[in-house]
Amino acid sequence: MGFTGIGWFLLLLGAALFLAIDFSALTMAERTAIIFLELAVMGMGIVYLRIGKVCQVEVDGEQMRVGSRFGQAAKFSVRDVSSVSRSLGWILLYDREFKILAKVDSCLEDMDRLKGYLASYGIKM
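Note that this is a predicted model, so its numbers are computed, not measured.

Participant: Before we go on, may I ask you to explain the sheet that holds strand S6 (residues 100–105) in this structure?
Facilitator: Strands pair in a sheet through their backbones, by hydrogen bonds, and they do so in one of two ways: parallel or antiparallel. Strands sit in the order S4-S5-S6 across an open sheet of three strands; the sheet is antiparallel. Lying at the two open borders of the sheet, with one neighbouring strand each, are strand S4 (83–87) and S6. Between one strand axis and the next, the sheet turns through 25° on average, direction left out of account. Relative to S6, strand S5 (residues 90–94) runs antiparallel, the two being bridged by five bridges. Note on S6: the bridge partner recorded for Leu93 is Ala102.

Here you go:
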């Protein structure tokens, strides 16, 4: 939610600056600098909106599919998960060799259901 809010704020800020500035009173260098700044702010807004896209966790029996914010998906069996750790904004699922199987957004909509599912296999979050 935080990244999405920041993204919308930056997009609206860029649009408001574009509408509020009187370009006729500026020199060509000032116009170029302001347009570059506005495009950078709006570009960062788009990046934050993309980052803010909620990841998805799908469960089919023992098989899990975790879709990341960037569209990549990790498929694995819940039996492959040996440990779980919390990081800033993420829940990391590790295999027995301590390689990351998947990163789950800590603000996931149905986090209680995921915790219950993993707990049923003896995995504590």
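Now that the structure has been shown, we can carry on.
Participant: Got a minute to help me understand the packing of aromatic side chains in this structure?
Facilitator: Ring pairs (aromatic) are described by centroid distance and by the angle formed between their planes. Under the counting rule described, the total for this entry stands at two aromatic pairs. Taking 5.3 Å as the distance between ring centres and 65° as the angle between the ring planes, the aromatic pair formed by Tyr117 and Tyr121 counts as edge-to-face. You can call Tyr117 buried: its relative accessible area is 16%. Assessed through its relative accessible area of 29%, Tyr121 is described here as partly exposed.

Participant: Sorry, what's going on with the environment of Trp90 here?
Facilitator: By the element assignment, Trp90 lies in strand S5. For Trp90, a relative accessible area of 23% translates into the label partly exposed. Expressed as a C-alpha distance, the spacing of Trp90 and Gly116, which sit 26 residues apart in the sequence, is 18 Å.

Thresholds applied
Residues numbered from 1 in each chain as written. Predicted model: local features only at pLDDT ≥ 70, side-chain atom pairs only at ≥ 80, totals over all residues. Heavy atoms only, no water. Pairing = 2+ DSSP bridges. Helix = DSSP H or I, 4+ residues; strand = E, 2+ residues; numbered from the N terminus. Axes fitted to C-alpha atoms, helices over the stretch in contact; angles between N-to-C directions. Phe/Tyr/Trp six-rings, centres within 6.5 Å; stacked < 30°, edge-to-face > 60°. Buried < 20%, exposed > 50% of the residue type's maximum accessible area, 1.4 Å probe, protein only.

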